[in-house]
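Next come the chains, spelled out residue by residue.
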Number of protein chains: 4
Amino acid sequence: MIGGGEGAYIGGIHRFAARLDNNYELVAGAFDVDAERGHAFAAKNYIQRDRSYGDYKAMVEAEKSRPDRVDVVAICTPNHTHYPIAKAFLDAGIHVICEKPMTTTIEDAIALHDLAQSTGLFLGVTYTYSGYPMIHEARAMVQRGDLGTIRVVQVEYPLEWMATGIELQGNQQAAWRTDPKKNGRGGSIGDIGTHAYHLAGFVTGLKADAIAADLATFVEGRALDDNAHVMIRYQGGARGLLWSSQVAIGQSNGLRLRVFGEKGSLAWHQENPNELHFTPLFGAPTVIKRGRDDLSEATRIRTRTPPGHPEGYIEAFTNLYSSFAAVIRAKASGGNQSSFAEGVPTSYDGLKGVAFVDAVVDSHEAHNGGWQTPRFV
Amino acid sequence: MIGGGEGAYIGGIHRFAARLDNNYELVAGAFDVDAERGHAFAAKNYIQRDRSYGDYKAMVEAEKSRPDRVDVVAICTPNHTHYPIAKAFLDAGIHVICEKPMTTTIEDAIALHDLAQSTGLFLGVTYTYSGYPMIHEARAMVQRGDLGTIRVVQVEYPLEWMATGIELQGNQQAAWRTDPKKNGRGGSIGDIGTHAYHLAGFVTGLKADAIAADLATFVEGRALDDNAHVMIRYQGGARGLLWSSQVAIGQSNGLRLRVFGEKGSLAWHQENPNELHFTPLFGAPTVIKRGRDDLSEATRIRTRTPPGHPEGYIEAFTNLYSSFAAVIRAKASGGNQSSFAEGVPTSYDGLKGVAFVDAVVDSHEAHNGGWQTPRFV
Amino acid sequence: MIGGGEGAYIGGIHRFAARLDNNYELVAGAFDVDAERGHAFAAKNYIQRDRSYGDYKAMVEAEKSRPDRVDVVAICTPNHTHYPIAKAFLDAGIHVICEKPMTTTIEDAIALHDLAQSTGLFLGVTYTYSGYPMIHEARAMVQRGDLGTIRVVQVEYPLEWMATGIELQGNQQAAWRTDPKKNGRGGSIGDIGTHAYHLAGFVTGLKADAIAADLATFVEGRALDDNAHVMIRYQGGARGLLWSSQVAIGQSNGLRLRVFGEKGSLAWHQENPNELHFTPLFGAPTVIKRGRDDLSEATRIRTRTPPGHPEGYIEAFTNLYSSFAAVIRAKASGGNQSSFAEGVPTSYDGLKGVAFVDAVVDSHEAHNGGWQTPRFV
Amino acid sequence: MIGGGEGAYIGGIHRFAARLDNNYELVAGAFDVDAERGHAFAAKNYIQRDRSYGDYKAMVEAEKSRPDRVDVVAICTPNHTHYPIAKAFLDAGIHVICEKPMTTTIEDAIALHDLAQSTGLFLGVTYTYSGYPMIHEARAMVQRGDLGTIRVVQVEYPLEWMATGIELQGNQQAAWRTDPKKNGRGGSIGDIGTHAYHLAGFVTGLKADAIAADLATFVEGRALDDNAHVMIRYQGGARGLLWSSQVAIGQSNGLRLRVFGEKGSLAWHQENPNELHFTPLFGAPTVIKRGRDDLSEATRIRTRTPPGHPEGYIEAFTNLYSSFAAVIRAKASGGNQSSFAEGVPTSYDGLKGVAFVDAVVDSHEAHNGGWQTPRFV
């Protein structure tokens, strides 16, 4: 693991996710820009001292020649460091799990994707929310035609935590997210809008044809957007509306997806993720509960508890990690991937996410909200 | 009353609204295009035979010379007839309550508004949802600064009922709503999008600076949009997103408004209208219930029952009617309007609604989604 | 109308209910114990001066000999006055609509019921909540077997408003409700528990076989129970649990009914009355919305607006009033009752309610919670 | 671990809970009554072959003399085996984590509790739901007086899964739960009623003074209750109502607790466990979200993710396991317990649970619903 040491947030989630299904063992890492603090953190996590590294370069160098070298590395650092770290590990023949967005520029994203392709290594991107079982159920329902042709997609991802200028008050998480050099061109649209965009595509299978966007920055002195409105035209005629916001008071982690087809509609809310709401045309709304025996295989294999025993974010993240493990094992064994690997977010999904941010910012800046086609969809 | 006879929907609601608060007595009308059916309907509603008219022209003619002539007429007919009927009654010196949209063209809307201004008569437009007590509470909270400067407005009005081509299957309500000559240029955006737009403006006090829109028609053979996505830039910098849809399966009457300010946020849903959800910055979400003694005066005077005893759509419509009565009484007496008249939707609101539809359709058609400024805001 | 003048609560609701469906005209009353205040109130409500009476005795005396005498009187006074007033009007040949509980003693209840039977007059009791359309839908579903044999009934009616000793602080509504002489033997159980008990029986058709109760008084100095727990054994083996409380902070008017059968379950909550929640055995929960065309006739005739346009407490009360009108019209015409009269709460329902309170208080006081059979079920 | 092998349910949850916080390593077990199947299961779980045992006796025998013997054993077998297994491990000096109910008879429960006391070993009982962070918040709020004196406790635990005679159709989980010899005297009241009873006591700190109960068996041929209604009088005057059911169609795992005090009320629902609903006297209902920085320490140390990132059942179980680890480490080191050990369910809680079931069944059987005082509270 790179990053994710003391005081970090997402690194701890990665470790829970690695542990819960018993598919990973954490044996090495460079956890902190402060090497001593990193070593202390490693010791607390039962890492042997000689595999606690001062930085990622030292880790690549040492691990690549070990017979028991790590199979895969998780990159939990700010966005602008994803590219060099991922490149270094891929160059060393080590699989990579990378936080989203995959890179801060489209050029870097293309390069990483090409590198993953040419080396045959796995580069997984943590589009976390696609790990939720009921998101897989939604996807299965769309695929088997329960909704008919999709007409309208409404997706939103509002947050409250940056409603004031906390980046000026010492919040490190907010500080790099509002720095274009570290975060990339998109503020809210890059940080969370990409999650929403990926989720909508993951469930519906739709590809964007064109987008038109309106970005805003409400907190004074902030260099990137903290609110984004995006209209989407999908190939085939469906229409979408995407909202991301970092200033939406009252919204803790309000990712919400609604899909309307010609035969039915679906709704899902991340804060109550065990339920999927389905309404057939002119019928009664029904609640589909995670854990039922009659759900799709993709849902059932991502389920640990019966209906009524809630699972949450850590289990979703674990599902993603278990998908990554399924791909890596298949590559190692030369065998077929298990069904767990289906839909796993890869470097191409990472590339699509970066292309989406580019298209949004281009639409807003260069085209005054005019329609813009993402380079990769 | 013009229209609203046997089999009509909204006419019955107007009658409930007129009756509940005992502010009106229904004494005359031309209820049906089929005069005999209209007379039968009138008889069932305790209307004297000589005041049941064959059409609106006969009614204007007869009523204007009666000493006990009607004070006000309610127009409950398809959109394209609003203009001639309203004009005829205003010309005869009779106040008018008109269904929305006020007219099908901006020219007619301007003319009617000017006529109301020049005659000094009242022309109220039934933006029904502004009659809900908790909408008045939301407005009062914005006005007294509980939310601080408004940043983001999310408003949506999705419906299911036209998800198939019911206009081809004999549904009269749907038939005229999908006929550009009878309905005007906007389909879903004219029929329900205007409600959403008015509500957002009513609560926040914001005026649109520019809008960019994407319209779609999903049901084959339909001549008007049945889904509309609109991005709004308000004067002063707030941003809005508006969605109207007539093909949103599972949505009965899903008008929903969310307002995010720099100090707090509000959420309200028409299907559960007795609650207003407020969250202060970084605080806990709270539920404000209709009927409490500590709400604003505007809310309290629109309230009939204590908390926990739900009021609904008919009561909201009644509040609108009672507001109209307050204005008309003040005009009749030459006295001041009661506080019930504050915020009542007038011909200018009707005009703004028509201008909004024009801007949306222009943005979509002529400007390919580009920003467009409504002529009246 | 007797009582219900200035400052009263339930009288106003009765008037809304009488007016909304246009089935009644309010022409006479004795609205206030203070005759002058009563006359002023009458004038504001368009009552002719000679039919505004000083008290109920004067009204009976004058009305009974008028050719245009009232058809029916509504009694909106404290409980202990129901008996003499109802008796006087029935003796005079006038139908009666009476607030619940019908009387404060079982003897009075028996006498009134007998009087209604012997005179052939109608004595309706306002078990308001049985006026809700979705309660009729629930009843229809039970009757047609959608739930199979009923096993368990959970009903509760918690309120907050008497959580402190407001009767000592000048609240008149609370004062008579906590005075055994005016209210009867049961505090919360009489005031609201009887509503819950009626509703459970109305929906399920079950009759109590025995009850065991535990009453408590939490507010110091209060003479009657303000919280009641009741276990019910129904004839045929079903079991019930009933909770009423006047000290349940956070509960505005929390009447809630859940019915579990061998084939399905139902849930309904008064504060969101337009929805009925149904789950078939091992199936997905579904939401049944008021206003749909496919609901039972009993539901449809009590419905004014389509799905998504909420109706509430006033409409439920109106439905009750319209049921009363249906019975009274049938008696007047000698014809058959319309389907609107089915299930209307009569004097026998009033009697059952008083017998229930007796059984609860007896179980608690004389039998230390032991099983007790109500005298009328 | 004893039990919990292939096809078992709760054993898997125990393993997740042991793993997530990295406090345990699973090194030995007797997983199955079929020894070969047990060994196969052990191998899949990375257990060395010589520590996969044929039964618990073999495990006690072998482990007690190993230098690296297990610190603690988890018992995940049917109820009637808890006693002999727990006794054997305690006799061998090994700490025990035991599923609830601790034993099937009060005598066994007393004996086990005494043994734990006399040996100084830890015997933890998995009252799972007390592991939820917001349950700790509720407890902290009661303790610091936010609710004032508690008046009323409403707790319910309805399930659907045994609504038909699945025990006759090969469901092993249901088979032993409906066999008095394996399950103990209480059916639903023993299996889930004890959870509800513990939770109510855990949050409020109240001790039962007397209980009165009505048990029912709805599924034909079933030997134990599948529905229980219980009225509770707590010491000090508070009143409680407890409902447990295994035949409640539509209820997946519907544990729900509401507590009403003289200053405020709380509500919590296991299926949406990240929220706690609090209403102050005559105030607005508020939602307290797990993950906030301003919650009590007991809540914060049981929290892994920020607000809006849901945690669930596995995390609650993990919290319990981490509490157990805190106690065991303190015993091992002779040091003080960390704050994580506060409130941990011990053998005395197990004993109270068994005493509660006894009192309920006694009230129902011997006393016809009369008040009965549990032997241990």
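Conventions used here
Residues numbered from 1 in each chain as written. Chains lettered and ligands numbered in written order. Predicted model: local features only at pLDDT ≥ 70, side-chain atom pairs only at ≥ 80, totals over all residues. Domains from an automatic or database assignment. Contact = placed C-beta atoms within 7 Å. Nonpolar A, V, L, I, M, F, W, Y, C, P; charged D, E, K, R; others polar. Helix = DSSP H or I, 4+ residues; strand = E, 2+ residues; numbered from the N terminus. Axes fitted to C-alpha atoms, helices over the stretch in contact; angles between N-to-C directions. Parallel < 35°, antiparallel > 145°, perpendicular 65-115°, else oblique. Left-handed = near helix turned anticlockwise from the far one by under 90°. Least-squares fit on C-alpha atoms with pLDDT ≥ 70 in both. Pairing = 2+ DSSP bridges.

S.K.: An account of the domain arrangement of chain A is needed here, citing residue identities and associated values.
M.R.: Residues and elements named next belong to chain A. In terms of domains, chain A is made up of domain 1 (2-128) and domain 2 (133-307 + 348-365). The distance between the C-alpha centroids of domain 1 and domain 2 comes to 26 Å. Facing 16 residues of domain 1, the contacting portion of domain 2 comprises 19 residues. Split by residue class, the side of domain 1 that touches domain 2 holds 10 nonpolar, five polar and one charged.

S.K.: Explain the interface of chain C and chain D to me, and be specific about the residues and the numbers.
M.R.: Tallying the contact residues gives 30 residues for chain C and 30 residues for chain D. Listing elements by their share of the side of chain C that touches chain D, those giving two or more residues are β5 (150-158), β6 (208-216), β7 (227-234), β8 (239-245) and β10 (264-269) of chain C. Across the side of chain C that touches chain D, the residue classes break down as 15 nonpolar, 11 polar and four charged.

S.K.: So, the packing of helix α1 (residues 10-20) of chain B against helix α11 (residues 313-333) of chain B: which residues are in play, and what are the values?
M.R.: Packed helices, taken two at a time, are described by the angle their axes make and the gap between the axes. Residue and element names in this part refer to chain B. Where α1 contacts α11, the two axes come as close as 8 Å, and the packing angle between them is 65 degrees. Considering their axes alone, α1 and α11 lie roughly perpendicular with respect to each other. Remark: the crossing between α1 and α11 carries right-handed chirality. Residues Ile 13, Phe 16, Ala 17, Ala 18 and Leu 20 of α1 pack against Ile 314, Phe 317, Thr 318, Leu 320 and Tyr 321 of α11.

S.K.: An account of the relation of the copies chain C and chain B is requested, with residue identities and associated values reported.
M.R.: One copy of the chain maps onto the second through a rotation around an axis plus a translation along that axis. Superposing chain C onto chain B requires a rotation of 180 degrees together with a translation of 0.0 Å along the rotation axis, leaving an RMSD of 0.0 Å. Each copy turns onto its partner about a two-fold axis. Counting the interface residues of chain C, we find that 100% of their copies in chain B are interface residues as well, pointing to one common contact surface.

S.K.: Give me the interface of chain C and chain B: which residues, what numbers.
M.R.: Counting residues at the interface gives 22 residues for chain C and 22 residues for chain B. Mapped onto the side of chain C that touches chain B, the elements with two or more residues apiece are α1 (10-20) and α11 (313-333) of chain C. Partitioned by chemical class, the residues of the side of chain C that touches chain B number seven nonpolar, nine polar and six charged.

S.K.: Explain the sheet that holds strand β2 (residues 72-76) of chain A to me, and be specific about the residues and the numbers.
M.R.: To summarise the sheet geometry, strands pair through backbone hydrogen bonds and adopt either a parallel or an antiparallel arrangement. Residue and element names in this part refer to chain A. Read from one edge to the other, the open sheet built from four strands follows the order β1-β2-β3-β4, with strand pairing classed as parallel. Looking along the sheet, the strands with just one partner apiece sit at the ends: β1 (2-3) and β4 (123-125). Looking at chain direction, strand β3 (residues 95-98) and β4 are connected through three bridges and run parallel. Following the sheet pairing, Val 96 is matched in β4 by Leu 123.

S.K.: Any details on the pairing of strand β11 (residues 275-280) of chain C? Residues and values, ideally.
M.R.: A regular strand places its side chains so that they alternate between the two faces of the sheet. All names here are of chain C. Here β10 pairs with β11 via four bridges, running antiparallel. Among the inter-strand pairings, Ser 265 is bridged to a residue of β11, identified as Thr 279. Hairpin geometry of β10 and β11 is characterised by an intervening segment of five residues between the two adjacent antiparallel strands. If you look at the hairpin formed by β11 and strand β12 (residues 286-289), you'll find five residues sitting between the two strands, and Phe 282 has a positive phi there, around 55 degrees.

S.K.: A description of the packing of helix α4 (residues 82-91) of chain B against helix α5 (residues 106-119) of chain B should follow, citing residues and the corresponding values.
M.R.: All names here are of chain B. Orientation of α4 relative to α5, taken along the N-to-C sense of each, is 15 degrees, at an axis distance of 11 Å. Classified by the interaxial angle, the pair formed by α4 and α5 is roughly parallel. Along this stretch, α4 crosses α5, giving a crossing that reads as left-handed. For the pair α4 and α5, the contacting residues are Tyr 83, Ala 86, Lys 87 and Leu 90 in the first and Asp 108, Leu 112, Leu 115, Ala 116 and Thr 119 in the second. Looking at side-chain class alone, the contact of α4 with α5 contains six nonpolar, one polar and two charged residues.

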